[in-house]
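# Close look at the chain arrangement
Below, each chain spelled out in residue letters.
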Amino acid sequence: MAKARALVKRLKAVRNIRKITRTMELIATARFKKAMDRAVEAEQYTKKIAEIVSDLAATNLKISHPLLQTPPAVGKGILLVMTSNRGLCGGYNSAVLRTAIQFRRQQIKEGRDVQIEVSGKRGISFMKFENIGVAQKFTHFEDKPAFDEVEPLAERYASMFVNGEIDRVDVAYTKFISASRQTPQVEQVLPFSQLGVPQSSESVKGKQVEYEFLPSAESILQEIVPAAFRAKLFKTFLDAAVSEQIARMVAMKGATENADEMI
C-alpha cells in the first residue's frame with residue numbers, strides 16, 4: 001500500500017512537471033517565430049547594404065574609411081560573448097561559452113590582451129566561476145533586442161577602434177542559419193571587412209553598375225560604412241535571440257516527451 005501511494009505521488013509530480021515543460025515549449029515556439037521574422041528581415045537589410053558597399057568598391061573610387069582599415073597593432077581587442085538571461089535551453093550557453101574560451105586562450109597564446117564583455121546572466125555567472133574578469137556586463141538584452149539598445153554599443157566599439165585603443169572586435173554568438181541549424185562561432189566585426197562580399201546581381205550578370213553620387217562619393221561612404229557596421233552587430237544579437245528560442249523549444253520538447261514516457 002505504501003508503495004502504491006509513493007507511485008501515485010510521483011505520477012502526480014511528473015504530470016505537474018510535464019505541464020510546465022509543455023507550456024514553456026509553446027511559449028518558446030511563439031517567441032521563436034517572431035524572432036525568426038526579425039532575423040530574416042535584418043538579413044535582407046544587411047545583405048543589401050553589403051551589396052551597395054561592394055559596388056562602391058568595384059568602382060574606380062579610392063575608398064577610405066577608418067572602420068575599413070587595419071589599424072596599427074596595439075595587441076588589444078574586445079570579445080563580446082552573447083548568452084541568455086535564463087536557463088532551460090539545452091546546450092545553447094555551454095556551446096557559446098566553450099567557443100569563446102577557446103578563442104580567448106588562442107589570443108592570449110599569441111600574446112594579445114582580450115577584454116571580455118558579456119551579455120546574459122548565464123555568461124556572467126560562468127565567467128565569475130572561472131575567475132575571468134569581465135569589463136562590461138549586459139543583462140537588458142532579452143529575446144527582442146532593439147536597434148536603439150545595440151547602437152550605443154556599436155558607437156563605443158567604433159570610437160575605441162578609430163582612436164587606436166583596440167585593434168579588433170570579435171563577437172562570440174550562435175549564428176542562425178536555418179530553423180534546423182545554428183552554429184556557435186566567433187566572428188570578427190572590426191575591422192569591418194564587408195568590401196569582400198560578392199557583388200550585386202547586376203554586376204554578376206556582367207552589367208556594369210554606374211552610380212551618380214550626390215553630394216559626393218566620400219560623404220556617402222562616411223554614412224554607409226558606419227550604418228553597415230551597426231547593422232552587422234545588430235544582426236548578431238538577432239541571431240543569438242532566435243537561436244536561444246530554438247534551443248529552448250527543443251529542450252522543452254524533449255523534456256515533455258521524457259515525462260510522457262515516465263507517465
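To start, this report covers the structure provided alongside it. Given the structure is predicted, the values throughout are model-derived calculations rather than measurements.

## Let's talk about unusual backbone geometry
The phi torsion of most residues other than glycine is negative, and most of the peptide bonds are trans. A cis amide bond links L190 to the next residue, P191, at an omega of 0 degrees. For P191, the position within the fold is in the loop between β5 (181–190) and α5 (201–204). Of note in the backbone geometry, L88 takes a positive phi value of approximately 55 degrees without being a glycine. The topology assignment puts L88 in the loop between β1 (76–82) and α2 (92–109). A relative accessible area of 52% means that L88 is categorised as exposed. Not every positive phi belongs to a glycine, and N131 is a case in point at roughly 60 degrees. With respect to the element layout, N131 can be found in the loop between α3 (121–129) and β3 (136–138).

## Considering the sheet that holds β3
With mixed pairing, the five strands of this open sheet are ordered in space as β3-β2-β1-β4-β5. Both outer strands of the open sheet, β3 and β5, are each paired with one neighbouring strand and no more. Between one strand axis and the next, the sheet turns by 25 degrees as a mean value, whatever way the strands run. Where strand β2 (residues 113–119) and β3 come together, three bridges link them in parallel fashion. Note that in β3 the partner of E117 across the bridge is Q136. On top of the sheet, α2 reaches β1, β2, β4 (168–178) and β5; it is set at about 145 degrees to β4, its chief contact. Here α3 sits on the sheet and contacts β1, β2 and β3; the angle it forms with β2, its principal contact strand, is near 135 degrees.

## Quick word on the pairing of β5
When β4 meets β5, the two strands line up antiparallel, connected through nine bridges. If you follow T174 over to β5, its bridge partner there is P184. Hairpin connection between β4 and β5: a loop of two residues separates the two successive antiparallel strands.

## A look at the packing of helix α4 (residues 147–162) against helix α6 (residues 217–262)
Where α4 contacts α6, the two axes come as close as 9 Å, and the packing angle between them is 125 degrees. Considering their axes alone, α4 and α6 lie oblique with respect to each other. Both α4 and α6 take part in a crossing whose hand is right-handed. Seen from α4, the contacting residues are F147, V150, E151, L153, A154, E155, Y157 and A158; seen from α6, they are F229, R230, A231, L233, F234 and F237. Partitioned by chemical class, the residues of the contact of α4 with α6 number eleven nonpolar, no polar and three charged.

## As for empty space enclosed by the protein
By the definition in use, this model includes one cavity of 30 Å³ or more. Along the wall of the largest cavity there are 15 residues; nearest its centre are T83, F141, E142, A241 and E244. At four residues, α6 tops the list of elements feeding residues into the lining of the largest cavity. Split by residue class, the lining of the largest cavity holds seven nonpolar, four polar and four charged.

Calculation rules
Residues numbered from 1 in each chain as written. Predicted model: local features only at pLDDT ≥ 70, side-chain atom pairs only at ≥ 80, totals over all residues. Heavy atoms only, no water. Helix = DSSP H or I, 4+ residues; strand = E, 2+ residues; numbered from the N terminus. Buried < 20%, exposed > 50% of the residue type's maximum accessible area, 1.4 Å probe, protein only. Pairing = 2+ DSSP bridges. Axes fitted to C-alpha atoms, helices over the stretch in contact; angles between N-to-C directions. Contact = heavy atoms within 4.5 Å. Parallel < 35°, antiparallel > 145°, perpendicular 65-115°, else oblique. Left-handed = near helix turned anticlockwise from the far one by under 90°. Nonpolar A, V, L, I, M, F, W, Y, C, P; charged D, E, K, R; others polar. 1 Å grid on protein atoms, 1.4 Å probe; cavity = no way out; pocket = protein on both sides within 12 Å on 5 of 7 lines; lining within 4 Å. Points joined across faces, edges and corners; volume = space filled by probe spheres on them.

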